[in-house]
Amino acid sequence: MRLATLDNVDMRFGGQAVLHDVDFHIDKGEIVTIVGPNGSGKSTLLRVLLGAQTPTSGTVTRLPGLRIGYIPQKLHIDPTLPLTVRRFLDLPRRVPEDEAARALDHAGCTALARRQMADLSGGQFQRVMLARALLSNPDLLILDEATQGLDQPGSAAFYRQIEQVRADLGCGVLMVSHELHVVMAASDRVVCLNGHVCCAGHPEQVASAPEYRALFGTGTHGALALYRHEHAHSHDHDHDHSHPHEAAQ
Amino acid sequence: MMSLLDDFLVRATLAGLGVALAAAPLGCFIVWRRMAFFGDATAHAAILGVALALAFNLSIVTGTAVLALAMALAVTALSGRAQAVDTLLGVLSHSALAAGLVAVSLLQGVRVDLSAYLFGEILGVDRMDLAIIWCGAALVSILLWARWSALLTATVSPDLAYAAGLDPRREQLILTVALAITVAVAIQVVGALLIGALLIIPAAAARAFSRTPEGMAAWAALIGATSALAGMAFAYRLDTPAGPTIVCVAAGIFAVASMVRLARDAA
């Protein structure tokens, strides 16, 4: 089932094109990752999809009644605002105790319920954000650089949690990330963005695409070398290469 | 004679109480959203509203509400453009205040005691004023209560609000309207220059005692009400202006609350 589609989306801020002619879609149950250098419009694409930003031109189609769970890149909660984790889960709608407890458990942060949001560590904060996103029983989970500031084991654990959530809820998951190797291993589809969609498809295809290499080089973090090695024999899967322009039709 | 005295003091006290109760929860949002200077600018614009009301024979409440709302909307519309928001607020806030003072002095045939509008004249509150103040306060409270959860979500993060199907711009507009109403009813009580204080200080003091947003709003209301009552009592005993005295009491409570918080954090 198609959850959301972008067609020919252009986004300009003060004359500067951030997104140009972007076609994109996401289906129920798939994990899609957007990769791209800084300033390539990744967060903007998410915000357009959320409805937080109206594109300059092009169309955004969301499944009617689509429930979105959103985990933003960086959420600064002002220390002047007293807010316990439990109360935070009640925004914008109050949730029953057992539901809140289940969501906290799902996100692996049961012990935090009575803590102040402003006092949480980065990893704790992201787990609380995940718990809150799960409360709405989302069809689509959107994560913008959700593991920024987490160490390697921390972010690996977080992504395992995400896969678990996908398995439990059957929701679509859309992520933006810099941690290419971790994310790509967990993704069904990767979209490489640099203002426009450079290439898209199965993670191994994208990792070996010339457009992708031109953006990220071949030896980024050593991780891609590892990646290419692992998938050195999978280059003949051209048949399921879905170029986004075709896929969006 | 005694009952007359009691009467205007009671009216003044009730007026102060009404404004303090409405300002407290609104002040919390202003603190959380870092809109303190925004509140000030809106209040300063009220002086221009006074001039407008006198020139066109409108009620002071109408004039100040309209100008405060216009100011708040102008700031919202212009922010995020060429100037930083604090610069923009500085320009608009002081320009509106200066223009208001000039406009009042230009009015032909009207003798106005400007200090009443700058610093408030709570002892001059009559029955009609009191009714208007309490209606305004009730309206602000109802607005905030009805939209509380949405306002809070939009305050925590506009993007989370969008994701939940809310429009943070609408919530911002609701706060703006509530602020304009508060300014309009508070100008007689504490005056345009000190409305900001009545919004910010009780909320800031309440932070020390609160674990939830609702708790902070309740504490702010309590501190605001206490300031109004104690401020009126001091003003009567010491023969000082009522509005500034109320603000001084609030400031004193803030100082004590800050020390409590420091002591607790150090422990």
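Residues numbered from 1 in each chain as written. Chains lettered and ligands numbered in written order. Predicted model: local features only at pLDDT ≥ 70, side-chain atom pairs only at ≥ 80, totals over all residues.

S.K.: Hey, could you run me through the overall build of chain B in this one?
M.R.: Within chain B, the regular secondary structure consists of twelve helices and zero strands. Listed N to C, the secondary structure of chain B is α-α-α-α-α-α-α-α-α-α-α-α in terms of helices and strands. On C-alpha atoms alone, chain B measures out to a radius of gyration of 18 Å, which is about the 18 Å that the 2.2 N^0.38 rule sets for 267 residues. Along the longest, intermediate and shortest principal axes, the C-alpha atoms of chain B span 55 × 45 × 30 Å. Burial status across chain B gives 51% buried among its 267 residues. (Helix = DSSP H or I, 4+ residues; strand = E, 2+ residues; numbered from the N terminus. Rg over C-alpha atoms; globule rule 2.2 N^0.38 Å. Buried ≥ 20, exposed ≤ 12 C-beta atoms within 10 Å, placed from the backbone.)

S.K.: Just checking my understanding: could you explain the sheet that holds strand β1 (residues 2-13) of chain A for this structure?
M.R.: Strand pairing in a sheet takes place through backbone hydrogen bonds and is either antiparallel or parallel in direction. Residue and element names in this part refer to chain A. Read from one edge to the other, the open sheet built from three strands follows the order β2-β1-β4, with strand pairing classed as antiparallel. The open sheet has two edge strands, β2 (16-27) and β4 (57-62), and neither has a second partner. Sheet twist, expressed as the average angle between the axes of neighbouring strands with direction ignored, equals 15°. Bridging between β1 and β2 involves eight bridges; their strand directions are antiparallel. Bridging across to β2, R12 finds its partner in A17. In the packing of helix α1 (residues 42-50) onto the sheet, the strands contacted are β1, β2 and β4, and the crossing angle to β1 comes to about 120°. (Pairing = 2+ DSSP bridges. Axes fitted to C-alpha atoms, helices over the stretch in contact; angles between N-to-C directions. Contact = placed C-beta atoms within 7 Å.)

S.K.: Can you help me understand the environment of A:D105 in this one?
M.R.: Residues and elements named next belong to chain A. Checked against the element boundaries, D105 lands in helix α3 (residues 97-106). You can call D105 exposed: it has 12 C-beta atoms within 10 Å. Here the alpha-carbon distance between D105 and F158, two residues 53 residues apart in the chain, equals 14 Å.

S.K.: So what exactly am I meant to see when it comes to the interface of chain B and chain A here?
M.R.: A common way to express how large an interface is: the accessible area buried when the components associate. Of the residues lining the interface, 22 residues belong to chain B; the matching set on chain A comes to 18 residues. Residue assignment for the side of chain B that touches chain A shows that the elements contributing at least two residues are α1 (2-32), α7 (148-156), α8 (158-163) and α11 (213-238) of chain B. When residues in the side of chain B that touches chain A are grouped by element, the largest group, five residues, is from α7(B). Classifying every residue of the side of chain B that touches chain A by side-chain character gives twelve nonpolar, six polar and four charged. (Nonpolar A, V, L, I, M, F, W, Y, C, P; charged D, E, K, R; others polar.)

S.K.: I tried to follow the pairing of strand β6 (residues 140-144) of chain A on my own but got confused; where do I start?
M.R.: Sheet faces and side chains relate simply in a regular strand, where the side chains alternate between the two faces. Residues and elements named next belong to chain A. For β6, the tally of buried residues reaches five of five residues, placing the bulk of the element in the interior. On β6, burial covers both faces: L140, I142 and D144 on one face and L141 and L143 on the other are all buried. Of the pairings in the sheet, the one linking strand β5 (residues 68-71) to β6 comprises four bridges and is parallel in character. Paired with G69 across the bridge in β6 is L141. Where β6 and strand β7 (residues 172-176) come together, five bridges link them in parallel fashion. Among the inter-strand pairings, L140 is bridged to a residue of β7, identified as G172. One crossover worth recording links β6 to the parallel β7 by way of helix α5 (residues 152-169), and it is right-handed. (Right-handed = clockwise from strand over helix to strand, strands pointing away.)

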